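Now for the letters of each chain:
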Amino acid sequence: MIEKIKQAAREAGQMMIKAHDFNVHSKGSAANYVSDIDIAVEKFLRQRLGEICPDADFMGEESDFTNSGKDKVWIVDPIDGTANFVRGMNMSAVSIALSDNDGILYGVVYDPYIDRMFYAHRGHGAYMNGEKIHVSDRDTEHSIISIAMSVYKKEYAPPCFKLAERIMMQCEDIRRVGSAAIELCNLAAGKIEMFFEARLYPWDYAAASLFITEAGGYISSMDQELSFNSVISIIAANTKENFELLKGEALECFDGIEII
């Protein structure tokens, strides 16, 4: 099945690359976009993935989710990093996960701009373009963190900046791509060591969360295990020490603040 999912992701990525003239619309705030291509890619993936595993519900960023009670659910972000996409920044990806009652079973994230394909089957390791990947073993002092400032809910920005300042004083540097899927993939592949975002939807992290666990890393929200049916914070790291450090700092910075 993984090869069929990878092929669907690759075809969706080609739709992104070939898109030039398209309309862009706002989704509730000036910073939250959807393009005609997001919608077209999701429509394509809904059909193709439905053929691959018809006995699964479909949760996509650009469509309403109707839970029919099936054991499996496709969790799809047709273009993760839409703000980058509409600006022609070439830093966006297709993210596809298939979940079951035990979590994420399959995950695929494809960056078509550099032809980089991440994929995993639960219990079988994580891979990038055919090579097995693993998180790095760098300690905090030599770590790079990716951290976002809650662009869609800017009331959470102050504690995010507070956390960034605290961690910056302890680690090597900060990076920001603008695609949670790509950033989490970079962590799984040993390119960065820590990740934090205050508020993410399941399609932002579902596929990449499998890569991190399969690659030996750690991932959860601030106050619960991963949930693939609601908005949660995401904390991820390469080592247990970095994970506990980031989680502890995040809990202090967000003390008394409910993520909704």
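All values derive from a computational prediction rather than experimental measurement.

Here the focus is the packing of helix α4 (residues 157–168) against helix α7 (residues 240–253). For the pair α4 and α7, interaxial distance at closest approach is 9 Å and the crossing angle is 140 degrees. Classed by the angle they form, the pair α4 and α7 counts as oblique. At the point where α4 passes α7, the crossing takes the right-handed sense. Each of Pro159, Lys162, Leu163, Arg166 and Ile167 in α4 lies in contact with α7, whose residues at this interface are Leu246, Glu249, Ala250, Glu252 and Cys253.

Running from N to C, helix α5 (residues 180–188) and helix α6 (residues 202–214) point in directions that differ by 5 degrees, and their axes come no closer than 9 Å. Comparing their axes, α6 and α5 come out roughly parallel. Residue-level contacts link Ala180, Ala181, Leu184, Cys185, Leu187 and Ala188 of α5 to Asp204, Tyr205, Ala208, Phe211 and Ile212 of α6. Residues of the contact of α5 with α6, tallied by class, amount to 10 nonpolar, no polar and 1 charged.

Among the 9 residues that make up α5, 9 are buried, leaving the element largely enclosed by the rest of the structure. Positioned one or two residues after α5, Gly190 has a phi angle of 80 degrees, which is positive.

Read across the open sheet, the 5 strands follow the order β11-β10-β12-β14-β13; overall the sheet is mixed. Every interior strand has two partners, whereas the edge strands, β11 (173–175) and β13 (218–220), have only one. Geometrically, the sheet is characterised by an average inter-axis angle of 15 degrees between neighbouring strands, direction not taken into account. As paired elements, β13 and strand β14 (residues 232–237) share 3 bridges and run antiparallel to each other. Looking across to β14, one finds that Ile219 is bridged to Ala236.

This part is about the environment of Ala40. Mapped onto the elements of the fold, Ala40 is located in helix α2 (residues 36–52). With relative accessibility at 33%, the residue Ala40 sits in the partly exposed group. Along the backbone, Ala40 and Arg116 are 76 residues apart, and their C-alpha atoms lie at a distance of 22 Å.

Moving on to the packing of aromatic side chains. In this structure the tally under the stated criterion is 7 aromatic pairs. Centre to centre, the rings of Phe196 and Phe254 are 5.6 Å apart; their planes meet at 45 degrees, and the pair counts as tilted. One end of the pair, Phe196, is in strand β12 (residues 194–200); the other, Phe254, is in the segment after α7, and 58 residues separate them in sequence. Across this residue pair, the class does not change: Phe196 and Phe254 are buried. For the ring pair Tyr201 and Trp203, a centre distance of 4.9 Å and an interplane angle of 5 degrees mean the geometry is stacked. The buried category is assigned to Trp203, whose relative accessible area is 12%. When the ring centre of Tyr119 is taken as origin, the NZ or CZ atom of Lys6, which lies over that ring, is 3.8 Å away.

Turning to the nonpolar core, a few remarks are in order. Formed by 39 residues in total, the largest nonpolar core has its most connected members in Ile75, Val109, Leu184, Phe195 and Phe211. At the level of elements, β4 (72–80), β5 (93–100), β6 (103–111), β7 (116–121), α5, β12, α6 and β14 are the ones that each hand at least two residues to this core. The dominant element in this core, judged by the number of residues it contributes, is α6, at 8 residues. Not counting the four nearest positions on each side in its chain, Leu184 is found in contact with Phe195, Tyr205, Ala208, Ile212, Ile219 and Ala236. With 29 residues, the next largest nonpolar core counts Ala8, Met16, Phe58 and Ile96 among its residues.

Our focus in this paragraph is the pattern of salt bridges. The full count for this structure, using the stated rule, is 11 salt bridges. Arg176 is the partner of Glu183 in a salt bridge, and the nearest nitrogen-oxygen pair spans 2.8 Å. For Lys240, the salt bridge is made with Glu244, and the minimal N-O distance between the two is 3.3 Å. Remark: Glu244 and Lys240 occur in helix α7; sequence separation between them is 4 residues, near one turn of the helix. Glu244 gets classed as partly exposed once you look at its relative accessible area, which sits at 39%. A network of salt bridges, in which partner residues are shared, links Glu11, Arg48 and Glu51.

Criteria and thresholds
Residues numbered from 1 in each chain as written. Predicted model: local features only at pLDDT ≥ 70, side-chain atom pairs only at ≥ 80, totals over all residues. Heavy atoms only, no water. Axes fitted to C-alpha atoms, helices over the stretch in contact; angles between N-to-C directions. Helix = DSSP H or I, 4+ residues; strand = E, 2+ residues; numbered from the N terminus. Parallel < 35°, antiparallel > 145°, perpendicular 65-115°, else oblique. Left-handed = near helix turned anticlockwise from the far one by under 90°. Contact = heavy atoms within 4.5 Å. Nonpolar A, V, L, I, M, F, W, Y, C, P; charged D, E, K, R; others polar. Buried < 20%, exposed > 50% of the residue type's maximum accessible area, 1.4 Å probe, protein only. Pairing = 2+ DSSP bridges. Phe/Tyr/Trp six-rings, centres within 6.5 Å; stacked < 30°, edge-to-face > 60°. Lys NZ or Arg CZ within 6 Å of the ring centre and 35° of its normal. Core = buried A, V, L, I, M, F, W, Y, C linked by side-chain atoms within 4.5 Å. Salt bridge = Lys/Arg side-chain N within 4 Å of Asp/Glu carboxyl O.

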